[in-house]
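So you can see what is in the structure, the chains are spelled out below.
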Amino acid sequence: MSTPQKSIGVIGAGTMGAGIAQSAAHAGWPVLLYDINQMLVDQAKESITKRFARLVEKSRITEEEGIYCQERITITTCLNDLANCDLIIEAIVEDFDVKSKVLKGVGDVAPNAILATNTSSLSVSELGSVCGFPERVVGMHFFNPAPIMPLVEVICGKETSESAVQRVTLLAEAWGKTVVHVSDTPGFIVNRVARPYYLESWRIVEDGIAPVDLIDNSMQSLGEFRMGPFMLTDLIGQDINVATTRSVWDRLGNPSRLAPSAKQESLVQLGNLGRKTGSGAYTHDDRDNIIPAILIEIAELEVSDRLAKAIEEFCLEASCTGGSMIEQYIFARVLGGIMNEAMWAVTEGVASAKDIDTAMKLGTNYPQGPLEWAENIGLDKVHNLLIALNETVSDDRFASPPFGTISAG
Ligand SMILES: NC(=O)c1ccc[n+]([C@@H]2O[C@H](COP(=O)([O-])OP(=O)(O)OC[C@H]3O[C@@H](n4cnc5c(N)ncnc54)[C@H](O)[C@@H]3O)[C@@H](O)[C@H]2O)c1
């Protein structure tokens, strides 16, 4: 693609806005980066400049390219400067009223622009409808850090025009991103399908079956997940993780599968938010040494013959590593929950099976997409596991959508 003439407008120069601006400039696009005051845009420009300088140091780009990249970003505190943009990406605070007001304001200023929102949890359709330009508002959900993470979830609101979806898809691809298409549903793909990774792990702790470090180790060794659920939530922030769970759970109508964990919420109430506060699921010292911070009384694990057989058959195909009985139980219970959520998502038309798998691999580094993983194991074995697990719970949360309709194709 030749270098385009029109600037991409980016509203909000925080973590995501600055990252999106950097991605666009790196790919050759001129960017107008807007925020509410000069200090914020100056800081963003300075940090982007440093990041380009680091790419030069690492020989990822030449010095000359580094200068061009920086020069492509113009900062502004005047919304009217965005009048000529034909695409504006909003990455401001996650607040419905603030976002809809800003979208309305910028939609008036730039009457022909497509208005993309980077919201993680709000409805794209509702934002479009309240701001008054439903056909122009589209979701463009980048992941943090935006210049590095390859995934963009493109969300089509109820009245979003096809041309808006097409335009942002082509643009993201031209920036080197992989796009998945998602319907306007709570948590989109990644923030929904990943929930059982955390929630089922918390429930295992609540049931007194295993401590956090054993759960983390089991998911890493048997499943080859890069980081265990407790290490990961300590890194993300237990508060952020709980807020996402609450939002997805509420907006989906409180399904038992995604109910928040009381233990995780109490941790947040105590202010133990993870690495940023020095304590969460683990205590973290200055050198990043960690010790489990949640002590539990271990209850004896009782498993029916049916569940034991289902776990054994599931793990034989799902993992290359043997693992102890308790490790296999943890791995099968958590991964089974993820696969079930992915199957519900595909059944409810959130996205295609292929896009769900792509999103989970690129958006959250899963070793395999949950649906292709399920197909490789054998859907009958996954089904048997979910039935056997469901017999052990009182809230029916392992109930699955009808099998036989799911294909990773
Ligand atoms: N941080 C993440 O990991 C992540 C990942 C994906 C999506 N998101 C979404 O991206 C958006 C931004 O998140 P963030 O983490 O970059 O937040 P942030 O707090 O780092 O930045 C938000 C920026 O928006 C600016 N802002 C606030 N009100 C404004 C207004 N009225 N007009 C213009 N600018 C305004 C703030 O000054 C700030 O610079 C949110 O919708 C969030 O849900 C965040």
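Residues numbered from 1 in each chain as written. Predicted model: local features only at pLDDT ≥ 70, side-chain atom pairs only at ≥ 80, totals over all residues. Heavy atoms only, no water.

## Section: the pattern of salt bridges
Applying the stated criterion to the full structure yields 18 salt bridges. A salt bridge links Lys 104 to Asp 108; the nearest nitrogen and oxygen atoms lie 2.8 Å apart. A residue pair is termed a helical-turn pair when its members lie 3 or 4 positions apart in one helix, as Lys 104 and Asp 108 do in helix H4 (residues 96-109) at 4 residues. With a relative accessible area of 38%, Lys 104 lands in the partly exposed category. For the salt bridge of Asp 395 with Arg 397, the shortest nitrogen-to-oxygen distance reads 3.0 Å. Take Asp 395: its relative accessible area is 28%, and that puts it in the partly exposed class. (Salt bridge = Lys/Arg side-chain N within 4 Å of Asp/Glu carboxyl O. Helix = DSSP H or I, 4+ residues; strand = E, 2+ residues; numbered from the N terminus. Buried < 20%, exposed > 50% of the residue type's maximum accessible area, 1.4 Å probe, protein only.)

## Side note on the packing of aromatic side chains
Under the defined criterion, the tally for this structure stands at 10 aromatic pairs. An angle of 65° between the planes, with centres 5.8 Å apart, marks the rings of Tyr 197 and Tyr 198 as edge-to-face. Residue Tyr 197 shares its accessibility class with Tyr 198, and that shared class is buried. Between Phe 314 and Phe 331 the ring centres are 6.3 Å apart and the planes differ by 55°, which places this aromatic pair in the tilted class. One end of the pair, Phe 314, is in helix H13 (residues 305-318); the other, Phe 331, is in helix H14 (residues 325-347), with 17 residues separating them in the sequence. (Phe/Tyr/Trp six-rings, centres within 6.5 Å; stacked < 30°, edge-to-face > 60°.)

## Description of the pairing of strand E5 (residues 114-117)
Burial of E5 is two-sided: the residues Ile 114 and Ala 116 facing one way and the residues Leu 115 and Thr 117 facing the other way are all buried. Of the strand pairs in this sheet, strand E4 (residues 87-90) and E5 are connected by 4 bridges, and their pairing is parallel. Within E5, the position partnered with Glu 90 by the bridge is Thr 117. In the sheet, E5 pairs with strand E6 (residues 137-142) via 3 bridges, with the strands oriented parallel. Bridged to Leu 115 within E6 is Val 137. Each parallel crossover has a hand, and for E5 linked through helix H5 (residues 124-131) to E6 it is right-handed. (Pairing = 2+ DSSP bridges. Right-handed = clockwise from strand over helix to strand, strands pointing away.)

## A short note on the sheet that holds strand E3 (residues 73-76)
Strand order in this open sheet of 8 strands is E3-E2-E1-E4-E5-E6-E7-E8, and the pairing throughout is mixed. The open sheet has two edge strands, E3 and strand E8 (178-183), and neither has a second partner. The sheet shows a mean angle of 25° between the axes of neighbouring strands, taken without regard to direction. The sheet contact formed by strand E2 (residues 31-34) and E3 spans 4 bridges and is parallel. Note on E3: the bridge partner recorded for Leu 33 is Ile 75. Relative to E6, helix H6 (residues 162-174) is tilted by about 25°, and along the sheet it contacts strand E1 (8-11), E4, E5, E6, strand E7 (151-156) and E8. (Axes fitted to C-alpha atoms, helices over the stretch in contact; angles between N-to-C directions. Contact = heavy atoms within 4.5 Å.)

## Remarks on the environment of Ala 308
By the element assignment, Ala 308 lies in helix H13. Assessed through its relative accessible area of 35%, Ala 308 is described here as partly exposed. Separated by 199 residues in sequence, Ala 308 and Val 109 have C-alpha atoms that sit 63 Å apart.

## Re the environment of Phe 52
Mapped onto the fold, Phe 52 is located in helix H2 (residues 38-57). Separated by 203 residues in sequence, Phe 52 and Pro 255 place their C-alpha atoms 45 Å apart. Dropping the residues within four chain positions of it, Phe 52 is found in contact with Gln 22, Ala 25, His 26, Ile 61, Gly 66, Cys 69, Gln 70 and Ile 73.

## A word on unusual backbone geometry
Residue Asn 144 is joined to Pro 145 through a cis peptide bond whose omega torsion reads 0°. By the secondary structure assignment, Pro 145 is in the loop between E6 and E7. One non-glycine residue, Glu 224, lies in positive phi territory at about 60°. Here Glu 224 lies in the loop between helix H9 (212-223) and helix H10 (229-236). Among the residues examined, Glu 224 registers a relative accessible area of 51% and is labelled exposed. Backbone geometry places Asn 254, a non-glycine residue, at a positive phi of 60°.

## A look at the site of the ligand
Around the ligand, the structure places 23 residues, and the nearest of them are Met 16, Asp 35, Glu 94, Lys 99 and Ser 120. One of the side-chain nitrogen or oxygen atoms of Glu 94 is found 2.4 Å away from an oxygen atom of the ligand. In this structure, Asn 118 approaches the ligand through a side-chain N or O atom, which is 2.9 Å from an oxygen atom. Compared with its free state, where it exposes 830 Å², the ligand has 75% of that area covered by protein. Of all elements in the fold, only helix H1 (15-26), H4 and E6 reach the threshold of two or more residues within the shell around the ligand. Among the elements that make up the shell around the ligand, the one with the highest residue count is H4 (3 residues). Here the shell around the ligand is composed, by residue class, of 12 nonpolar, 8 polar and 3 charged. (Near = heavy atom within 4 Å. Polar contact = N/O pair within 3.5 Å; in protein donor to acceptor, adjacent residues only side chain to side chain. Areas by Shrake-Rupley, 256 points an atom, 1.4 Å probe, with all protein chains shown as cover. Nonpolar A, V, L, I, M, F, W, Y, C, P; charged D, E, K, R; others polar.)

On their own, these measurements won't tell you what the molecule is for.
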